[in-house]
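Chain by chain, the residues:
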Amino acid sequence: MNSLILILILIFGGGIISFLLNKFLPILRDAFVVLVMLAISYLFFTIDHAEQFDFEIGGISLQWGFTYAGYLFGIIVAGLGFLSILYSTAFMKGKDRLGYFYMNFLFSIGAMFGILMSRDLVSLFFFWEIMTWSSYFIVIYSGKEVNGRGLKYILFSAIGAYAMLMAIVILYGFIGSFMLEDVFNSIYALSTGYQIAIAVLLMIGFGVKTAIMPVHVWAPDAYSESPMAYTALFSGALSKMGVFGFALVLFNLVSGQNWLINEIVAWLAAITSVLATFYAVIQKDAKKLLAYSSIAQLGYIVVGLASGTYLGVMAGIFLAVLHAVFKGTLFMAVGAVERQAGTTDMTQVSGLIRKMPWTFFATLISIITLAGIPPLGGFVGKWMLYEALITSDRYYLVIMIFLSSTAAFLYSYRILFGLFLGQEEPEFAHVKEAPLVMLIPMLLLAGISVLTGSFPGLVMQPIQEAMLVLGFENRLPDMDWWQLTVLFNTWGDKVVLQNVMISIMGVFLVALTFITIKGYKKQRYVTTKDISSSGEIIQPEDNMTFQIDFYKPFERAIWPMLKRNIDTYYTEFGNGLEAFFDFVKRIYNGNGQFYAIYVMAFLALLLLAGSEYFGF
């Protein structure tokens, strides 16, 4: 049997069987979903790149097969999908409706594989809708605020889907084919206006999943309120389907004379990264902080793609791969804190470094990667992005990205201090380290963050091949594109990241050894209630830690930018529509006499105006 079909049969069939097992043999459910995902990952990593599947439905020719680009993003889906499933077997233990959860989890993964193997617009749209609906069912899994975050997510997803569908219909009307290859080869035969319209419609669809302003408002609640076992995949892999779509549009459907589209997209992404970073800084809940951080990081990625330069695009895709790794780790780590401590509110829980040292270690590695500190991969990606923007004279974009990246240090430190490095509280004395099944995925992903920083070339070669398949023009056929950066060429006597890594890791190990030895000495731990209070009696429920107003001066400074967010405008627009529909409802009240009056009034108006406007 064709391997592509076998992957889809296994994953969608596995989803249905996991739902049935939960009803009749729940003891086998967890082992089954892990084995299914392991088998799918094995099939994916051993698949022949040249393998494809052609068939016809209702006279429409369809084609499936992984390109180099699809395979690169598929590695994210397969790897993170397996680790997230493994993690979820412990994280979701004891929760209700697990058959429903795992079925939609697997359906999401299967849909992402389907998107990446689609070589025609019909298949792409079909799998895109499966991905949307399966992720929506997990967003509302908890049953809370279904009319809030659930409705917001599905509403924006529907807007994106209809925009994509309109673009597909227009393309088929002009080109007469749904095949992506035919579309890309024929698009420039269309007028500039139609090219722009099609590109904008598709980017609205892909932009929703990438959470780019102004269609990002669903993401903070959806990311933070979904089960963390799924959010690791949601933010890490599902959002990359939008990145994949953006790359297809920018490299194939936006021609050289439409460079303005690239600039608009780049600026929207840059603004998204800055504002989302500011919102992340002022969050008190670690899950909400990571949700806004994800939006900001996706902004970096899209800026790189929209730059249109070799280094910029390579940096964007490199950061996309890296984002899946470190953000998957962070959501898993915060999920572990939520499971063990019962909350992720950074004004309540603190001082967990002794209770959860391995979770802290995974978080620390991922935070260093996120912040772009050498020697980890985040430094490589951000350096390349800065260099690409500077060498292409986009200095204002450099300022925006640098502002966002610098402010990211604030929320990076906040999540480390808030959950792990603060004062120990007696109410969390019972907390223990997360189960091994949850630690293994986190530590493996943290290890990948270290590996990509030390040996970024492992990822650069597949990225260059993916860029060529995505439609990026090759004007430098005789060299590896990553050699354009001063990080990897001989200008300045070549930067050797391994030496930097060894030095930093040496300092880290010395500090860790010192803290460990010091920790064995007898100490008196001081809680936030054990302070001088000028004669006032501190009650147990009083929280005196400064974590409550951690960045209050900074929050005051940026509040004018944040006090009126885009949700307000959407709400006002929705209220306006509701008032308009109420007015229409009063006019069309079901009374036949009123309808007769409306008809007579319209006919009278038509007769009065007919001679002037209609020629009778």
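The rules we used
Within each chain, residues carry numbers counting from 1 in the order of the written sequence. It should be noted that, the model being predicted, local features are given only for residues of pLDDT at least 70 and side-chain atom pairs only at 80 or more, the latter also being counted only at that level, while totals for whole chains, interfaces and linings use all residues. To obtain the side-chain values, all non-hydrogen atoms of the structure were used and water was disregarded. By convention, a stacked pair of Phe, Tyr or Trp rings (six-membered ring in the case of Trp) has centres within 6.5 Å and planes under 30 degrees apart, an edge-to-face pair has planes over 60 apart, and any other such pair is tilted. Throughout, exposure labels follow a simple rule: accessible area from a 1.4 Å probe, protein chains only, divided by the maximum for the residue type, with under 20% read as buried, over 50% as exposed, and the rest as partly exposed. To sit over a ring, a charge needs its Lys NZ or Arg CZ within 6 Å of the ring centre and within 35 degrees of the ring normal. We count a stretch as a helix when DSSP gives it H or I for four or more residues in a row; a strand needs E for two or more, and each element gets its number in order from the N terminus. Expected helix span is given by 1.5 Å per residue-to-residue step, counting one fewer step than there are residues. Take the buried residues of types Ala, Val, Leu, Ile, Met, Phe, Trp, Tyr and Cys, join any two whose side-chain atoms come within 4.5 Å, and each joined set is a nonpolar core. In this description, contact between two residues means that some pair of their heavy atoms is separated by no more than 4.5 Å. Salt-bridge detection follows one rule: a side-chain nitrogen of Lys or Arg within 4 Å of a carboxyl oxygen of Asp or Glu. A pocket here means an open set of points on a 1 Å grid, computed over the protein atoms alone, that has protein on both sides within 12 Å along at least five of seven lines. A cavity is instead a set of points where a 1.4 Å probe fits but cannot get out; residues with an atom within 4 Å of a point line either one. Grid points are joined across faces, edges and corners, and a volume is the space filled by probe spheres set on the points. Asp, Glu, Lys and Arg are counted as charged, while Ala, Val, Leu, Ile, Met, Phe, Trp, Tyr, Cys and Pro are counted as nonpolar; the rest, among them Gly, fall into the polar class. By definition, two strands form a pair when at least two bridges between them are found by DSSP.

Here the focus is the packing of aromatic side chains. Scanning all chains against the criterion turns up 37 aromatic pairs. Ring centres of Trp218 and Tyr223 lie 5.6 Å apart, and the angle between their planes is 75 degrees; on these two criteria the pair is classed as edge-to-face. Judged on exposure class, the residue Trp218 and its partner Tyr223 are both buried. The ring centre of Phe91 lies 5.8 Å from the NZ or CZ of Lys95, which sits over that ring. Across from the ring centre of Tyr100, 4.9 Å away, lies the NZ or CZ of Arg97, which sits over that ring.

A word on helix α11 (residues 259–281). What sets the pattern is the α-helix's 3.6 residues per turn: residues three or four places apart point alike. In this model α11 runs 34 Å from its N-terminal to its C-terminal C-alpha over 23 residues, within 8% of the 33 Å that 1.5 Å per residue would give. With 17 of its 23 residues buried, α11 lies for the most part within the structure.

In this structure, Ile109, Phe113 and Trp218 are the most contacted members of the largest nonpolar core, which totals 202 residues. Among the elements that make up this core, the one with the highest residue count is helix α13 (residues 310–341) (22 residues). Once residues within four sequence positions are removed from consideration, Phe113 is found in contact with Ile7, Ile11, Ile40, Phe44, Phe66, Gly74, Val77 and Ala78.

On inspection of all chains with the given rule, the structure shows 5 salt bridges. The closest approach of N and O atoms between Asp30 and Arg29, which form a salt bridge, is 2.9 Å. Considered together, Asp30 and Arg29 belong to a single accessibility category, that of buried residues. One salt bridge connects Asp221 with Lys288, and the closest N-O pair in it is separated by 3.4 Å.

The next thing to look at is empty space enclosed by the protein. For the structure shown, the criterion picks out 2 cavities of 30 Å³ or more. Empty space within the largest cavity amounts to approximately 90 Å³. Taken together, Leu121, Leu124, Leu171, Leu180, Val183, Phe184, Leu202, Phe206, Leu248, Val249 and Leu253 make up the full set of residues lining the largest cavity. For the lining of the largest cavity, the elements supplying multiple residues, two or more each, are α5 (121–139), α7 (180–186), α8 (192–210) and α10 (228–252). The element contributing the most residues to the lining of the largest cavity is α7, with 3 residues. When its residues are assigned to classes, the lining of the largest cavity shows 11 nonpolar, no polar and no charged.

The subject of this paragraph is the pairing of strand β1 (residues 53–57). As defined by bridge partners, β1 adjoins strand β2 (residues 60–64) across 5 bridges and the pair is classed as antiparallel. Paired with Phe53 across the bridge in β2 is Trp64. Between the antiparallel neighbours β1 and β2 lie 2 residues, among them Gly58 with a positive phi of about 55 degrees.

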